[in-house]
Amino acid sequence: MKNHNKRIDIDKTFKNIDNPQTYTVDNIVSTLNVDQNNGLDDNKVKENQEKYGKNILEQKKKKPIFLVFLMQFKEVMTIILLIAAIISFIPLIVNKNSQIAEWVQPFVILLIVLLNAIIGTIQCVKADKAVESLKQMSETQAKVIRNGITLTIPSSQVVVGDIIDFESGDKISADARLIECNNLKVIESSLTGESLAVEKNDATIWKNDTPLGDRINMVYSSSMVVYGSGKAIVTNVGKNTEIGHIASMIQEHKPEKTLLQKQIAKFSKWLSICCVILCFIVLFLQIAKTWSLIEINPINIIGPIMVAVSLAVAVIPEGLPIAITIIMSIGVTRMAKENAIVKNLSAIETLGSASIICSDKTGTLTQNKMTLVHVFDIKNNAEHVVSKKMDEESKKILEYGTLCCSASYSKTNDSENFTGDPTEIAIIRALNDLNVSQAEINKKYPQIHEIAFDSNRKLMSTINKFNDKYLIVTKGAIDQLVEKSNNSKQEIDNLLKKNTQLSSEGERIIGIAYKIIDKLPKIIDSKTIENDLSIMGLVSMIDPIRENAKVSIQECIKGGIKVIMITGDHVVTAKKIGKDLGIFNEGDYAITGAELDKMNDNEFMQKIEKISIYARVSPENKFRIVKMWQSLNKIVAMTGDGVNDAPALKQAQIGCAMGITGTDVSKDAADIILADDNFSTIVESVKQGRNVFNNILKVINFLLATNIGEVISIIAILLISWKNDVVVEPLNAIQILWINLLTDSPPAIALGLEPMSRNIMFDKPRNPKQGILANGLLTKIALESLLIGVVMTIAFYIGLTTFKDTPKAQSAGSTMAFITLFFAQMVQIFSLKSKYSIFKTKIFNNKLLIYTTLIATGLTSIVSFASPIAENGFKMMTFYDEYWYLYLYILLLSIVVPFIYFESEKKLLLMHSKRQNVIHETRTKILD
């Protein structure tokens, strides 16, 4: 009881320092009872750790492998198969004269279920290991002041009230309120999504609702210091940091079943109902036919019950669960080759169903690498695209700009080494690409003094040796340089015009100025140095889009997928990137997180279709965006790399985290990890997902049509022979077993591994409300089942009547039915390869299908045409004497008729599809 109360008190304590950015330095010091000079003492450290907790995030416990294995049995289809196996055992136990072959089927069903569970477990374990291998295992260190001494300790030991000390290159270990800083710049992209460094100071912000990216007097756990230094008092640790808050949102989220899981469950329930109905129909027919025998001895009712149960079990495609698992497992392997690591098997198919992709900008659509794009030369009023063809004056601007950089950059072969502010690195990299290194220019003009960047004056200056004189270079904000310049009015007007133009295009602008003096002033500071400057021009930079990102987005649009940019960056920059990528078009909206917060759900729902860009958003904004699209019955994929992306990654039906730049929190939340951080991998994954679903539909079509066709034949023959006292059956137990194990499952699995169609992205995402048998598939299966049932029945009847009133009648009928069923299946499976004519299909592009069908054909030919095996093992006969013509009937019924039917079916379906497309295009033109 005491522990429970203590936990509540801890939570109340944290509420006392909500919005620490609104506290003055003195207030935060007194609230946390900290000695600003000496930090915490040992007793206070221990007290605060007990009171506020450790600086670690709670990790979600992993499920043991055995539990993962058991979870594989919760799917509806698996449960149905287990029930079918149990039911199959009952008549075998009751009937003491049952054959060995009859016992094989239920054991095989159990084996299939077991293999399915093993494969699923192995895939889950492999995915977990792949994720772990991507995580950073080393713990960061933090510098704290305790007992008046600066110590370096593991970040996990930092407590609330600690004074942390940091400088360029350090990673912030906890959320903290700044108490002093020196030209501090911090990158918070993992939290806000903004790639540019944020300038910090210790001034108090009085607004409680200030967006995280604008809280310049705070530093946050996981952010990186790239310039300057500072000290701060820790206000929140562990689960109460901004990262911890996001992690809590993830853990509170209960994952829903994937679309495929829902549809398979619905399909399985439908199938089980059909099995029960079929069972009662056959039972009624059998009882009605043998009623006279049942009246004589009621025990005879067991026979009809056994037949009814056997037929009901025969309808269930026992090979379907393992086929689906193998199809998705192979899909996972194929995606791994495309640098996508799948954590959940069903995720691959769900991604193929995506109709919305909410993508983070920084590090996902862009390279998260500031790059110089333009140089404006004020002297010649000329703008140049950064390239090796630039004139000498533009190169000089880059050289002087590099002199005024505290960042360092070097490149060896294809490897880049850099530290410091991204904007400075962009300038140095651009010069390096012109074959002039930072080291060379620094050696040519040695630096003797630096006046660091200041957020108030927004400038930085360096003093360099220039022969026997001094070269002063100043860079920074254009408006500040203009005030200190000696340029002509015309030059200033040209500069400001260019600044406005490039800024409106989302480019970040830095002005560069200089002057040469004979001797240094006695006091070197910004007042004595930064005056009477000659502005050379400006440089502009962007975070460039990723290679192939634009092409990938166009493929998404072509495939009916809407791509939405969600970023922590400014809206102007986001719109520029959006236009370049083809995301933001005429009539689209770009809104900020603050504007979204002001919308109620009804307003948001009315505008959401037109909003293509969300800028300056919070994690809650991202979460809301995903939820709203889901409420419109859209399958949402969310990509991202930052901690701020994690809640939305978890909420989305499919979350895609970045493997290289992604944080551990985002990787844990995601379903798929893009190992190469490439947006184009998303498109390849969508293609694989669509191919997986299409192949699953093909397998369902094949297995159901065959199984239902068998049942139709059995019922039809039962009705045809109603008046006969002799019990006839088109297929005996061993023949059914042979069909189910050899000619159903292996070819079906091979069919499920069909290569991807080149036109797969021309199809639109499927409607999540539609069942797995939608879009005419149910009708298609019904007609193909009827076809197989009819040709089997005709074949059986021909054999039966040819040997009428002889002991060979039953054997001849089942022989013809068996061979007809097998070859009809082979024609069907090759027809299912493509929706186009078999003459326009690559028949041999699926080697596994060729091998499995050849093996099945060879083995079935042996048991059908080798007299000893056919007669003794399968109760069949061969027609090598005067009845050889019966094989012509088999050829006609099993190959010619099905082939004509399937080709006609395809032609009609394609004609219908074209007609629907014409109607859709006409309606669209009318609406436009």
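**Some words on the pairing of strand 21 (residues 611–615)**
The buried fraction of strand 21 amounts to five of the five residues, a majority that puts the element mostly inside the structure. Examined bridge by bridge, strand 19 (residues 562–566) and strand 21 share two bridges and lie parallel to one another. Counted as the bridge partner of Ile566 is Tyr614 from strand 21. Two elements, strand 20 (residues 589–592) and strand 21, share four bridges in a ladder whose sense is parallel. Paired with Ala590 across the two strands is Ile613, which belongs to strand 21.

**A look at the packing of aromatic side chains**
Per the stated rule, a full pass over the model turns up twelve aromatic pairs. A centroid spacing of 6.2 Å and a plane angle of 70 degrees characterise the contact between Tyr885 and Tyr889, whose relative ring orientation is edge-to-face. What makes Tyr889 partly exposed here is its relative accessible area of 36%. Relative to Phe902, the ring of Tyr901 lies with its centre 5.6 Å away and its plane at 70 degrees, an arrangement referred to as edge-to-face. Classification of Phe902 by relative accessible area gives buried; the value is 2%. Taking the ring centre of Tyr227 as reference, the NZ or CZ of Lys185 above it sits at 5.5 Å. Over the ring of Phe762 we find Lys558, and its NZ or CZ is 4.9 Å from the ring centre.

**Focus: the packing of helix 12 (residues 320–337) against helix 28 (residues 680–720)**
Helix 28 packs onto helix 12 with a crossing angle of 160 degrees between their chain directions and a minimal axis gap of 10 Å. Accordingly, the angle class assigned to the pair helix 12 and helix 28 is roughly antiparallel. Our pair here, helix 12 against helix 28, has a crossing hand that is right-handed. Contact with helix 12, carried on its side by Leu320, Ala323, Ile324, Ile327, Met328, Gly331, Arg334 and Met335, involves Ser685, Gln688, Asn691, Val692, Asn695, Ile696, Val699, Ile700 and Leu703 of helix 28 and no other residues of that element. Residues belonging to the contact of helix 12 with helix 28 are distributed by class as follows: eleven nonpolar, five polar and one charged.

**Digging into the sheet that holds strand 24 (residues 672–674)**
A sheet is described by the order of its strands in space; here eight strands give the open sequence 8-24-23-22-9-19-21-20, paired in mixed fashion. The open sheet has two edge strands with one neighbour each: strand 8 (340–342) and strand 20. Shown here is a sheet whose adjacent strand axes are inclined to one another by a mean of 20 degrees, direction ignored.

**Description of the nonpolar core**
Membership of the largest hydrophobic core comes to 81 residues, with the highest contact counts inside it found for Phe267, Met565, Leu581, Ile672, Ile700 and Ile772. Sort the elements by how many residues they give to this core and helix 28 lands first, with 15 residues. Once you skip the residues sitting within four places of it in the chain, Ile772 turns out to touch Leu260, Gln263, Ile264, Phe267, Phe693, Leu697, Ile700 and Leu777. One finds Phe803, Ala817, Phe818 and Val827 within the second-largest nonpolar core, a separate group that totals 38 residues.

**So, the sheet that holds strand 17 (residues 508–517)**
The strand order across the open sheet built from seven strands is 11-10-18-17-16-15-14, with neighbouring strands paired in antiparallel fashion. This sheet does not close on itself; its edge strands, each paired only once, are strand 11 (382–385) and strand 14 (447–454). Each strand axis lies, on average, 20 degrees off the axis of its neighbour in the sheet, ignoring direction. Packed on one face of the sheet, helix 19 (residues 489–504) meets strand 10 (371–377), strand 11, strand 17 and strand 18 (534–542) and runs near 5 degrees to strand 18.

**Quick look at a nonpolar patch on the surface**
The grouping of Trp884, Tyr885, Leu888, Tyr889, Leu891, Leu892, Ile895, Val896 and Ile900 at the surface amounts to a nonpolar patch, some 820 Å² of accessible area in total. Here Leu892 shows up in helix 34 (residues 886–927). By relative accessible area, which is 42% here, Leu892 ends up partly exposed.

**Comments concerning helix 12**
For helix 12, with 18 residues, the first-to-last C-alpha span of 26 Å sits near the 26 Å given by 1.5 Å per residue. Restricting attention to buried positions, one finds in helix 12 the residues Leu320, Pro321, Ile322, Ala323, Ile324, Thr325, Ile327, Met328, Ser329, Gly331, Val332 and Met335. Asn339 sits one or two residues past helix 12 and shows a positive phi near 70 degrees.

**Here's the deal with the state of the cysteines**
Tallying each qualifying case throughout the model produces zero disulfides. Cysteine Cys404 is unpaired, with the sulfur of Cys405 as its nearest cysteine sulfur at 6.5 Å.

**Overview of the pairing of strand 15 (residues 459–466)**
For strand 15, a buried count of seven out of eight residues is recorded, marking the element as mostly surrounded by other parts of the structure. Remark: four residues form the turn of the hairpin made by strand 14 and strand 15, two consecutive strands paired antiparallel; Lys458 in that turn has positive phi of roughly 60 degrees. Summarising the sheet, strand 15 and strand 16 (residues 469–476) pair through eight bridges and their orientation is antiparallel. By the bridge assignment for strand 16, Ser461 is matched with Thr474. Here strand 15 hands over to strand 16 after two residues, with Asn467 in that stretch at a positive phi of 55 degrees.

**Remarks on unusual backbone geometry**
One non-glycine residue with positive phi stands out, namely Asn33, at about 55 degrees. Topologically, Asn33 is positioned in the loop between helix 2 (25–32) and helix 3 (42–52). The backbone of Asn339 sits at a positive phi, close to 70 degrees, despite the residue not being glycine.

**So, the confidence of the model for the protein chain**
Low-pLDDT stretches of the model should not have their predicted coordinates read in fine detail. Overall, the prediction assigns the protein chain a mean pLDDT of 82, with 85% of residues at 70 or greater. Summarising per-element confidence for the protein chain, the mean pLDDT is lowest in helix 1 (residues 2–15) (33) and highest in strand 16 (96). pLDDT under 50 marks residues 1–16. Its contacts with residues more than four places away, or in other chains, come to eleven contacts. Low pLDDT (under 50) marks residues 134–138, which in the prediction has ten contacts with non-local residues, meaning those over four places away or in another chain.

So, how was this worked out
Residues numbered from 1 in each chain as written. Predicted model: local features only at pLDDT ≥ 70, side-chain atom pairs only at ≥ 80, totals over all residues. Heavy atoms only, no water. Buried < 20%, exposed > 50% of the residue type's maximum accessible area, 1.4 Å probe, protein only. Helix = DSSP H or I, 4+ residues; strand = E, 2+ residues; numbered from the N terminus. Pairing = 2+ DSSP bridges. Phe/Tyr/Trp six-rings, centres within 6.5 Å; stacked < 30°, edge-to-face > 60°. Lys NZ or Arg CZ within 6 Å of the ring centre and 35° of its normal. Axes fitted to C-alpha atoms, helices over the stretch in contact; angles between N-to-C directions. Parallel < 35°, antiparallel > 145°, perpendicular 65-115°, else oblique. Left-handed = near helix turned anticlockwise from the far one by under 90°. Contact = heavy atoms within 4.5 Å. Nonpolar A, V, L, I, M, F, W, Y, C, P; charged D, E, K, R; others polar. Core = buried A, V, L, I, M, F, W, Y, C linked by side-chain atoms within 4.5 Å. Patch = residues over 30% accessible without salt bridge, like charges linked within 9 Å, V, L, I, M, F, W, Y side chains within 5 Å. Areas by Shrake-Rupley, 256 points an atom, 1.4 Å probe, with all protein chains shown as cover. Salt bridge = Lys/Arg side-chain N within 4 Å of Asp/Glu carboxyl O. Expected span 1.5 Å × (residues − 1). Disulfide = S-S within 2.5 Å. pLDDT = per-residue confidence, 0-100.

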